[in-house]
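Analysis of the macromolecular model
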Amino acid sequence: MPLPCEVADRERRPLVQAPWLWSGPGRCEALAARARLVGVSPARGPGPRGARSGKFFHNLMERKDFETWLDNISVTFLSLTDLQKNETLDHLISLSGAVQLRHLSNNLETLLKRDFLKLLPLELSFYLLKWLDPQTLLTCCLVSKQWNKVISACTEVWQTACKNLGWQIDDSVQDALHWKKVYLKAILRMKQLEDHEAFETSSLIGHSARVYALYYKDGLLCTGSDDLSAKLWDVSTGQCVYGIQTHTCAAVKFDEQKLVTGSFDNTVACWEWSSGARTQHFRGHTGAVFSVDYNDELDILVSGSADFTVKVWALSAGTCLNTLTGHTEWVTKVVLQKCKVKSLLHSPGDYILLSADKYEIKIWPIGREINCKCLKTLSVSEDRSICLQPRLHFDGKYIVCSSALGLYQWDFASYDILRVIKTPEIPNLALLGFGDVFALLFDNRYLYIMDLRTESLISRWPLPEYRKSKRGSSFLAGEASWLNGLDGHNDTGLVFATSMPDHSIHLVLWKEHG
């Protein structure tokens, strides 16, 4: 479109009528000649559009006339095809001097870079971010403060990342920035596990003879020894809280007020921590008592013995209520637990007793009526060719036991085997703890953590030459809540404890977060 001041001179410029259509040598010279005819300097432009500063305007056009012309040019430009627009821009760039090219260079980067996270609605930004892996998101947080703010507030992304690492999620937490912090803590802890740097060791010294019995609860570890004593230790400080004189201890269990011990002298005893006095003495077994459990609500104590029987006792009175028979080997483990699933044989809330020997696990109903019959017998081989290791996990929903064939998990509602977890690269792993996400295992040399979602070993920790016991009662797991998923708070305290040949207790503890 011609400039307004060119209208009167149309007839005097036949040689430069259409410079837009020319190409090749002479094009710029012709355009410069046309500019001189209208009094415009080809090296200087009219300046940025919209400037109202009143500075000297290097053009014969008035500001108002220029804006009118620029608006008309804009309308025409917008009506062109993309190819024509490109050609027009190429042409204008070829006409530009250093000032115009510098101006273009300074402003082009801003025009080309569009911050989509800033421009998009927050919900759409969150949707797009969900497709990126956490490590990429952490890199994206470094782009700008705005990106860091948006990405850090994407709760669903960080919750999912934490779940994938085996972390527990508390949906009640409303802080939008909380879960990114949790993820950073989680990734550090998982890195420590992979690098075998998550634990540290300690020792408890105080017994003068071999230690066979161990039991852990709420930061306290109870040890029973052949030196005719039982001690209660604060694991965090290594200090002995209580020490009382007892009989030889093969099994121990305690609470705030009392200690229950099973002994190689074929008896069970109940002791008071504060005074050290024996408050009950349970006599009736004809073999060593390898395992004990009790429930104050039911006022029941159960014991498993080398005489192949399980006895049910009145905890407060000390009298034998029932003797359960059927085992043909030493009963090395008894567990008293409330049922959490419904089946034809039991309902949620019923108390269940599990007893295990070398080959079988027997399930008994325990309630107000004591005369019970075995509900079910579980084994991994009908011909008794495969032995069960003396470790048993029962949480009211699943039964888990280890054997030479691997870890067996039974569904307690149906008694069906849900899965057999095998570790061919490391045979004969023994069970210490089993949860929803992780399992704690060990052999003669290492402590292992298994991710149950992939059935792969993700960490190991070297163990000393601990005292090996046929009954398997000289070692135990510590805190168990982390087996259902870490949460940044439950990875503290005791992981594993075992008695040593020098009568000390070797502890494996969670290392504090870095």
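Residues numbered from 1 in each chain as written. Predicted model: local features only at pLDDT ≥ 70, side-chain atom pairs only at ≥ 80, totals over all residues. Heavy atoms only, no water.

**Some thoughts on the confidence of the model for the chain**
Cut-off, in case you're wondering: As a per-residue measure, pLDDT tells how confident the predictor is, with possible values from 0 to 100. Note on definitions: a residue-residue contact is assigned when non-hydrogen atoms from the two residues lie within 4.5 Å.
Averaged over all residues, the pLDDT of the chain equals 85, while 86% of them reach at least 70. Taken as a whole, residues 1-23 scores under 50 in pLDDT and shows 35 contacts with residues more than four places along the chain or in a different chain. When the criterion is pLDDT under 50, residues 38-59 qualifies, and its contacts beyond four places in sequence or with other chains add up to 30 contacts.

**Considerations on the packing of helix α9 (residues 155-164) against helix α10 (residues 178-194)**
Stated formally: Working convention: axes come from line fits to C-alpha atoms, limited for helices to the stretch in contact. Angles between N-to-C directions cover 0 to 180 degrees. Under the scheme used here, helices are H or I runs from DSSP no shorter than 4 residues and strands are E runs no shorter than 2 residues, and both carry numbers assigned from the N terminus. Reported orientations rely on four angle classes, namely roughly parallel under 35 degrees, roughly antiparallel over 145, roughly perpendicular from 65 to 115, and oblique for the rest. Each crossing gets its handedness from the near helix: less than a right angle anticlockwise from the far helix is left-handed, clockwise is right-handed.
Orientation of α9 relative to α10, taken along the N-to-C sense of each, is 25°, at an axis distance of 8 Å. The pairing of α9 with α10 is recorded here as roughly parallel in orientation. Handedness of the crossing formed by α9 with α10: left-handed. Of the residues in α10, those in contact with Thr-155, Trp-158, Gln-159, Ala-161 and Cys-162 of α9 are Trp-179, Lys-180, Val-182 and Tyr-183.

**Some details on the sheet that holds strand β7 (residues 258-263)**
Selection rule: For two strands to be treated as a pair, DSSP must find at least two bridges joining them.
The strand order across the open sheet formed by four strands is β6-β7-β8-β9, and the pairing between neighbours is antiparallel. Two strands lie at the open edges of the sheet, namely β6 (249-254) and β9 (278-282), each paired on one side alone. For this sheet, the mean angle separating the axes of adjacent strands, direction not counted, is 20°. Inspection of the sheet shows strand β8 (residues 268-272) paired to β9 by four bridges, in the antiparallel sense. If you follow Trp-271 over to β9, its bridge partner there is Arg-278.

**Focus on the pairing of strand β4 (residues 229-234)**
The condition is simple: Partly exposed describes any residue whose relative accessible area lies between the buried limit of under 20% and the exposed limit of over 50%, with all areas from a 1.4 Å probe on protein chains only and scaled to the type maximum.
Here β4 lies mainly inside the structure; five of its six residues are buried. In this sheet, β4 lies alongside strand β3 (residues 220-225) in antiparallel orientation, the contact comprising six bridges. When the bridges of β4 are listed, Thr-223 appears paired with Lys-231. Adjacent in sequence and paired antiparallel, β3 and β4 are bridged by three residues, among which Leu-228 carries a positive phi angle near 65°. When β4 meets strand β5 (residues 239-245), the two strands line up antiparallel, connected through six bridges. Residue pairing across strands places Leu-232 opposite Tyr-242, the latter belonging to β5. What sits between the antiparallel neighbours β4 and β5 is a turn of four residues, in which Gly-238 has the positive phi angle 80°.

**Looking at the sheet that holds strand β24 (residues 446-451)**
Paired through backbone hydrogen bonds, the strands of a sheet run either parallel or antiparallel to each other. Strand order across the open sheet formed by four strands is β22-β23-β24-β25, with antiparallel pairing between neighbours. Each of the sheet's edge strands pairs with one partner strand only, and the pair in question is β22 (430-434) and β25 (456-462). Pairs of neighbouring strands in the sheet enclose a mean axial angle of 25°, with direction left out of account. Pairing of β22 with strand β23 (residues 438-442) involves four bridges; the strand directions are antiparallel. In the sheet register, Phe-434 faces β23, and the bridge partner there is Ala-439.

**Topic: the UniProt feature "repeat: WD" (unreviewed entry) in the chain**
Heads up, the rule is: UniProt positions are given in the numbering used here, feature names are shortened, and annotations may be inferred rather than shown by experiment.
The UniProt record annotates "repeat: WD" (unreviewed entry) at residues 204-243 and 282-323. Measuring from the first to the last C-alpha atom of residues 204-243 gives 13 Å, for a span that is 0% helix and 62% strand.

**Quick notes on a nonpolar patch on the surface**
How we decide: What makes a patch is a set of residues exposed beyond 30% relative accessible area and free of salt bridges, joined within 9 Å when like-charged and within 5 Å when nonpolar (Val, Leu, Ile, Met, Phe, Trp, Tyr). Each accessible area value is a Shrake-Rupley result obtained with a 1.4 Å probe; residue values ignore everything except the protein chains displayed when judging cover. We define a salt bridge as a contact between a side-chain nitrogen of Lys or Arg and a carboxyl oxygen of Asp or Glu at a distance within 4 Å.
Nonpolar side chains collect at one region of the surface, where Leu-89, Leu-92, Ile-93, Leu-95, Leu-101, Leu-104, Leu-108, Leu-111 and Leu-112 lie side by side and expose about 770 Å² of accessible area between them. Mapped by element, the contributors of at least two residues to the nonpolar patch are α3 (82-95) and α4 (98-112). For the nonpolar patch, the element with the most residues is α4, which contributes five residues. Structurally, the position occupied by Leu-112 is in helix α4.

**Side note on the pattern of salt bridges**
Under the counting rule described, the total for this entry stands at twelve salt bridges. Glu-156 is paired through a salt bridge with Lys-130; the nearest N and O atoms lie 3.8 Å apart. Residue Glu-156 is found in helix α9, and its partner Lys-130 is found in the loop between α6 (122-129) and α7 (134-140); the two are separated by 26 residues along the sequence. Assessed through its relative accessible area of 47%, Glu-156 is described here as partly exposed. A residue is classified by how much of its surface remains accessible, and Lys-130, at 40% relative accessible area, is partly exposed. Between Asp-226 and Arg-210 there is a salt bridge whose closest N-O contact spans 2.0 Å. One end of the pair, Asp-226, is in the loop between β3 and β4; the other, Arg-210, is in the loop between β1 (199-204) and β2 (211-217), and 16 residues separate them in sequence. Looking at Asp-226, the relative accessible area reads 22%, which means it is partly exposed.

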